[in-house]
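Chain residues, written in single-letter form:
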Amino acid sequence: MGRFLCDAMLGKLARYLRMCGHDTAYALDRGVEADDDIATLARREDRRLLTRDADLAARTDGAIRLAAKDIEGQLRELDAAGVRLSLPDAPRRCGRCNGALDPVDSAASTPDHAPDPSETDVWECVSCGAHFWKGSHWDDVRARLASVTQSVRDNRNG
């Protein structure tokens, strides 16, 4: 799994990478917005910077500069750069805060918005307490990732 830092322009991408199991920090979650501070955070935490800022990418070792503004284009660029983009069998990272997820015991209770863990596998973030399960959003993200990675392969072979 990769360790990434998404700059302030890539919040949606951070959530996708977290769903894929990558340890992904988001600059705005850390209260960091200035380029020098973002570069310092990436170095200090040994994270690969993902940015749309050409100057910031050029002065940050190992950074990946993304040109696309839309999420599908950004995912295609990451896939082409060799970043694994597939969902794990079980969710590992919180899409909201990047915390680790633990399975919820089937006898435990969950918030009203979450399914019953005796009927559906549910995970809880150890950092923020958010609950996750493989619902329609999981299926939509899986389909989007499959489409993106297939289009990259088709372009390589075409």
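Attention in this report is confined to the structure presented alongside it. (Residues numbered from 1 in each chain as written. Predicted model: local features only at pLDDT ≥ 70, side-chain atom pairs only at ≥ 80, totals over all residues. Heavy atoms only, no water.)

**Examining the overall build of the protein chain**
Then, in step 1: On a plain count of helices and strands, the protein chain comes out with five helices and seven strands.
Then, in step 2: Relative to the compact-globule value of 15 Å for 158 residues, the protein chain shows a C-alpha radius of gyration of 17 Å, a close match.
Then, in step 3: In terms of overall dimensions, the protein chain has C-alpha extents of about 50 × 40 × 20 Å along its principal axes.
Then, in step 4: Looking at the protein chain as a whole, 44% of its 158 residues are labelled buried.
Then, in step 5: In the protein chain, the proportion of contacts linking residues at least 24 apart, taken out of those at least 6 apart, comes to 50%.
Then, in step 6: When the accessible surface of the protein chain is summed, it comes to about 8500 Å², and 43% of that surface belongs to carbon and sulfur atoms.
Then, in step 7: Each charge class in the protein chain was averaged separately, 23 positive and 27 negative side chains, and the resulting centres sit 5 Å apart. (Helix = DSSP H or I, 4+ residues; strand = E, 2+ residues; numbered from the N terminus. Rg over C-alpha atoms; globule rule 2.2 N^0.38 Å. Buried < 20%, exposed > 50% of the residue type's maximum accessible area, 1.4 Å probe, protein only. Contact = heavy atoms within 4.5 Å. Areas by Shrake-Rupley, 256 points an atom, 1.4 Å probe, with all protein chains shown as cover. Lys, Arg positive; Asp, Glu negative; His and termini not counted. Charge placed at Lys NZ, Arg CZ, Asp CG, Glu CD.)

**Some words on the nonpolar core**
Then, in step 1: Membership of the largest hydrophobic core comes to 23 residues, with the highest contact counts inside it found for Leu13, Leu17, Leu50, Leu75, Leu78, Leu85 and Leu145.
Then, in step 2: Sorting the residues of this core by element identifies β1 (3-6), α1 (11-19), α4 (71-80) and α5 (136-157) as the ones contributing at least two each.
Then, in step 3: The dominant element in this core, judged by the number of residues it contributes, is α1, at five residues.
Then, in step 4: In this structure, Leu85 is in contact with Leu17, Cys20, Leu75, Leu78, Asp79, Leu145 and Thr149, ignoring residues within four places of it in sequence.
Then, in step 5: If you look at the next biggest cluster of nonpolar residues, it comprises 10 residues, including Ala27, Val32, Ala42 and Leu56. (Core = buried A, V, L, I, M, F, W, Y, C linked by side-chain atoms within 4.5 Å.)

**With respect to the sheet that holds β1**
Then, in step 1: In space, the four strands of this open sheet follow the order β2-β1-β3-β4, with parallel pairing throughout. What marks the edges here is a single partner per strand, and that holds for β2 (23-26) and β4 (64-65).
Then, in step 2: Of the strand pairs in this sheet, strand β3 (residues 48-51) and β4 are connected by two bridges, and their pairing is parallel. What sits directly across from Leu50, in β4, is Ile64.
Then, in step 3: Across the sheet, α1 is in contact with β1, β2 and β3; its angle to β2 comes to roughly 160°. (Pairing = 2+ DSSP bridges. Axes fitted to C-alpha atoms, helices over the stretch in contact; angles between N-to-C directions.)

**Here's the deal with the sheet that holds strand β6 (residues 122-125)**
Backbone-to-backbone hydrogen bonds join strands into a sheet, with any given pair of strands oriented parallel or antiparallel.
Then, in step 1: If you trace the three strands from one edge of the open sheet to the other, you get β5-β6-β7, paired in antiparallel fashion. In this open sheet, the two strands that pair with only one neighbour each are β5 (101-103) and β7 (131-133). Mean inter-strand twist for the sheet, computed between neighbouring axes without regard to direction, equals 35°.
Then, in step 2: With three bridges connecting them, β5 and β6 associate as antiparallel partners. The residue bridging Asp102 from the neighbouring strand is Glu124, located in β6.

**Things to note about the pairing of β3**
Then, in step 1: In this structure, β1 lies alongside β3, joined through three bridges in parallel fashion. Counted as the bridge partner of Leu5 is Leu49 from β3.

**A few points about the environment of Ala14**
Then, in step 1: Position of Ala14 among the secondary structure elements: in helix α1.
Then, in step 2: Each C-alpha atom, one on Ala14 and one on Ala25, is 7.1 Å from the other, the two residues being 11 residues apart in sequence.
Then, in step 3: Leaving out residues up to four positions away in the same chain, Ala14 has contacts with Cys6, Thr24 and Tyr26.

**Regarding α4**
Then, in step 1: Every buried residue belonging to α4 is among Ile71, Gly73, Gln74, Leu75, Leu78 and Asp79, and all of these are buried.
Then, in step 2: The positive-phi residue at the C-terminal boundary of α4 is Gly82, with phi of around 95°.

**Some thoughts on the packing of α1 against α4**
Then, in step 1: With their axes 10 Å apart at the nearest point, α1 and α4 run at an angle of 55° to one another. Relative to α4, the element α1 is oriented oblique. Seen from above, α1 lies across α4 with right-handed handedness. Judged by residue contacts, Lys12, Leu13, Tyr16 and Leu17 of α1 engage Ile71, Gln74, Leu75 and Leu78 from α4.
Then, in step 2: Per-class residue counts for the contact of α1 with α4 are six nonpolar, one polar and one charged. (Parallel < 35°, antiparallel > 145°, perpendicular 65-115°, else oblique. Left-handed = near helix turned anticlockwise from the far one by under 90°. Nonpolar A, V, L, I, M, F, W, Y, C, P; charged D, E, K, R; others polar.)

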